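This is what each chain is made of:
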Amino acid sequence: MSARWSVRALLVAIGIAVLGLFPLVFSNPTTTSIAEFTLIFMVAASAWNMFSGSSGYIALGHAVYFGCGAYALALLANHLGFAAGWGVFALVPVAGIVAGLIAIPTGLIALRARRHTFVVITIAFMFIFQLAASNLAFTGGTSGLQPPTPLWSVKAYNDNFYYVTAVVLVVTVTLAWLVRRSRFGLQLLAIRDDEERARGLGVRVARIKLTAYVLSAIPVGMVGGIYAYFLGQIFPQFAFDPLFDLSIALMAFIGGLGTLAGPLLGALVLEALQQYFTVQYGASQAYLIIYGALFLAVVLLLPRGVIPSAQELIERWRVRASAPGSEPEEPGRAGDVVKTAGVR
Amino acid sequence: MSALIEATGVCKSFGGLQALSDCSLSVTEGQIAGLIGPNGSGKTTLFNVMTGYERCNQGEIRLRGEPISRATPERVFALGVGRTFQITRLFFRLTVLENMLVATQRHEGWIRSAVRRAGSVAERGRALELLEFVGLDRLAHSPAGILSYGQRKLLELASLLVADPEVLLLDEPTAGVNPTLINQLTERIRELNRAGKTFLVVEHNMEFVMGLCQQVTVLHQGRTLVTGTPEEVRANPAVLDAYLGGADDDDL
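Model, not experiment: these values are computed from the prediction.

## Some words on the overall build of chain A
Across its full length, chain A holds 15 helices and 0 strands. Against the compact-globule benchmark of 20 Å for 344 residues, chain A has a radius of gyration of 22 Å, which places it among compact chains. Projected onto its principal axes, the C-alpha positions of chain A cover 75 × 50 × 35 Å. Looking at the 344 residues of chain A, the share that counts as buried comes to 47%. When contacts within chain A are restricted to residue pairs at least 6 apart in sequence, those whose partners lie at least 24 apart make up 78%.

Right under this line is the structure:
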């Protein structure tokens, strides 16, 4: 148990070190720009997984909160007369709160349904918001909005955005970890396994689901705001993008639905790959073919995702390595270990 | 001798099917009551109505005299009525211990519940104690999905006990369970009853019902046919008719 903990602590320390040192080692602006987009998607996939991965309700409309965060930041920065620079980053949490507030009524409606109906309703919300953003006056219609652009050097620009997003990522993953080990997180997992029985055990399912839904929308809104500020412009079709919904879901699925590290790994691989392809071969959508192929491969070969399958493999190695050695001394116990492992 | 939980004049129909019509039942505090009846006589529907899973069309469910007919399942449980299901339901991907912790009834704010660890030391200790009580403590950290059918029934019962409900409604606790485990289950129910818990048990296993229950109610086609001690029920000709067919057939 303690060995497992120290391995985990080591992995977390390495992760934070890599996160902090990356722009110092790779200073090429193209690389740091790819890293920035990757971080944005790591936050979004983690936050999405906190709700969908735990509760089993697959939401395909989190672009609503991404877009609302993006528009909230652009609108507030422009109307409140924020000067371009560090000050605008103060609006990132505000963007998160706006997204969270919008998640309350949309979540209330969507969560009345289950399974496929729930998925369809979330998709419908995404298109409603996209259409609204294209047609309303205050969102600038199809020409979108331009938040102020800070006059930093290219390197400083990317690095500043990178570190702000890294902080949001650390906060999001910490939140996801806290939720996972909490009573609230346990109740979400119970809902995933058998919602009716959870109700019979006193779990107030409606309230739990809505809380998780809103909680998962907030970080997505925050990175939406960062995204708008980073690009310096925001259009309806990029803010409310169906591909965004599919991407974050795919990232979590590939890495391992419901695990902490899964969506991080999935986002790291998929988003970096996509950005690399875009840089190498222009803004074609060829990466979608890769996405599809990867998804198929994961579903066929590792249906539970990379992280759980890897864990299982390691567990099996351990048992195999320990079983023959301990057998002569404690035949009973070694037999037990093998038996439980076999059942698993 | 006041009724702890009672159903009076309950009617429930699903479309054209009248599942319960004017069905009444009353369980006294500290009793082990049995509910029997042929297949399709409405036993499980009555359970569903009593625990908030279904709304009755007419009639009333009362707990200690307070109406609970409109309460949600989560509310009914919080008021002290726990139930198990005919087809055992567990959280199969959670561990046995985690299954036990779901029902801990801790009252705290949203943020606190989202941040604090699932199961305090005391709650985990109590959960392990209850697992020992049903003989599953050795499997505490295994996924619930690996349990055998009988073990699942025991875990389902134990996971209710975490919240310390006053009344336990058990839907066919012995179906598909081997005789040794049935004996163990009977022992556990008796022990809990001595500690003050009230039971209402739906069963097809007559030996189990007649041996365990102090009062038996027979349902037939959605109606309460008779209520009485096991001996009275066994001797009642209407019950024999319900189980073995109409009186006319007896001549054949």
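## Observations concerning unusual backbone geometry
Most peptide bonds take the trans configuration, and most residues that are not glycine carry a negative phi. In this structure, Arg115 of chain A takes a positive phi of about 45 degrees despite not being glycine. Turning to its location among the elements, Arg115 of chain A is positioned in helix 5 (residues 115–135). For Arg115 of chain A, a count of 10 C-beta atoms within 10 Å gives the class exposed. Positive phi is not limited to glycine here, since Asp164 of chain B has a value of about 55 degrees. Along the chain, Asp164 of chain B falls in the loop between helix 6 (149–161) and strand 7 (167–171). A residue is classified by how many C-beta atoms lie within 10 Å of it, and Asp164 of chain B, with 13 of them, is partly exposed.

## Side note on the packing of helix 2 (residues 29–55) of chain A against helix 12 (residues 261–281) of chain A
Residues and elements named next belong to chain A. It is at 8 Å that the axes of helix 2 and helix 12 come closest, and there the two elements cross at 145 degrees. The element helix 2 and its partner helix 12 pack so that their crossing is right-handed. Here Thr30, Ile34, Phe37, Thr38, Phe41, Met42, Ala45, Ser46 and Asn49 of helix 2 lie close against helix 12, whose contacting residues are Gly262, Pro263, Leu264, Gly266, Ala267, Leu268, Glu271, Ala272, Gln275, Tyr276 and Val279. Across the contact of helix 2 with helix 12, the residue classes break down as 12 nonpolar, 7 polar and 1 charged.

## Digging into the interface of chain B and chain A
In this assembly, 28 residues from chain B lie in contact with 24 residues from chain A. Elements with a contribution of two residues or more to the side of chain B that touches chain A: helix 2 (73–78), helix 3 (96–101) and helix 4 (110–115) of chain B. Taken together, the residues that form the side of chain B that touches chain A break down as 15 nonpolar, 5 polar and 8 charged.

## Describing the sheet that holds strand 3 (residues 32–36) of chain B
Residue and element names in this part refer to chain B. Strand order in the open sheet formed by 6 strands is 6-7-8-3-9-10, and the pairing between neighbours is mixed. In this open sheet, the two edge strands, each paired with only one partner strand, are strand 6 (81–83) and strand 10 (223–228). Ignoring strand direction, the axes of neighbouring strands in this sheet form an average angle of 20 degrees. Summarising the sheet, strand 3 and strand 8 (residues 198–202) pair through 4 bridges and their orientation is parallel. Across the sheet, the residue bridging to Leu35 is Val202, located in strand 8. Helix-sheet contacts for helix 1 (residues 43–50) involve strand 3, strand 6, strand 7, strand 8 and strand 9 (215–220), and the interaxial angle to strand 7 is about 145 degrees.

## Considering helix 11 (residues 242–255) of chain A
Residue and element names in this part refer to chain A. Taking 1.5 Å per residue, 14 residues should reach 20 Å; helix 11 reaches 20 Å between its end C-alpha atoms and fits that length. With respect to burial, helix 11 is a largely interior element, 11 of its 14 residues being buried. Here helix 11 has its buried residues at Phe244, Asp245, Ser247, Ile248, Ala249, Leu250, Met251, Ala252, Phe253, Ile254 and Gly255. Positive phi shows up at Gly256, right after helix 11, with a value of about 135 degrees.

## Structural notes on the pairing of strand 2 (residues 17–28) of chain B
Residue and element names in this part refer to chain B. For strand 1 (residues 3–14) and strand 2, the ladder comprises 8 bridges, and the chain directions are antiparallel. Pairing of Ala7 across the sheet is with Leu25, part of strand 2. Taking the residues between adjacent antiparallel strands as the criterion, strand 1 and strand 2 are bridged by 2 residues, where Gly15 takes a positive phi near 60 degrees.

Rules behind the numbers
Residues numbered from 1 in each chain as written. Chains lettered and ligands numbered in written order. Predicted model: local features only at pLDDT ≥ 70, side-chain atom pairs only at ≥ 80, totals over all residues. Helix = DSSP H or I, 4+ residues; strand = E, 2+ residues; numbered from the N terminus. Rg over C-alpha atoms; globule rule 2.2 N^0.38 Å. Buried ≥ 20, exposed ≤ 12 C-beta atoms within 10 Å, placed from the backbone. Contact = placed C-beta atoms within 7 Å. Axes fitted to C-alpha atoms, helices over the stretch in contact; angles between N-to-C directions. Left-handed = near helix turned anticlockwise from the far one by under 90°. Nonpolar A, V, L, I, M, F, W, Y, C, P; charged D, E, K, R; others polar. Pairing = 2+ DSSP bridges. Expected span 1.5 Å × (residues − 1).

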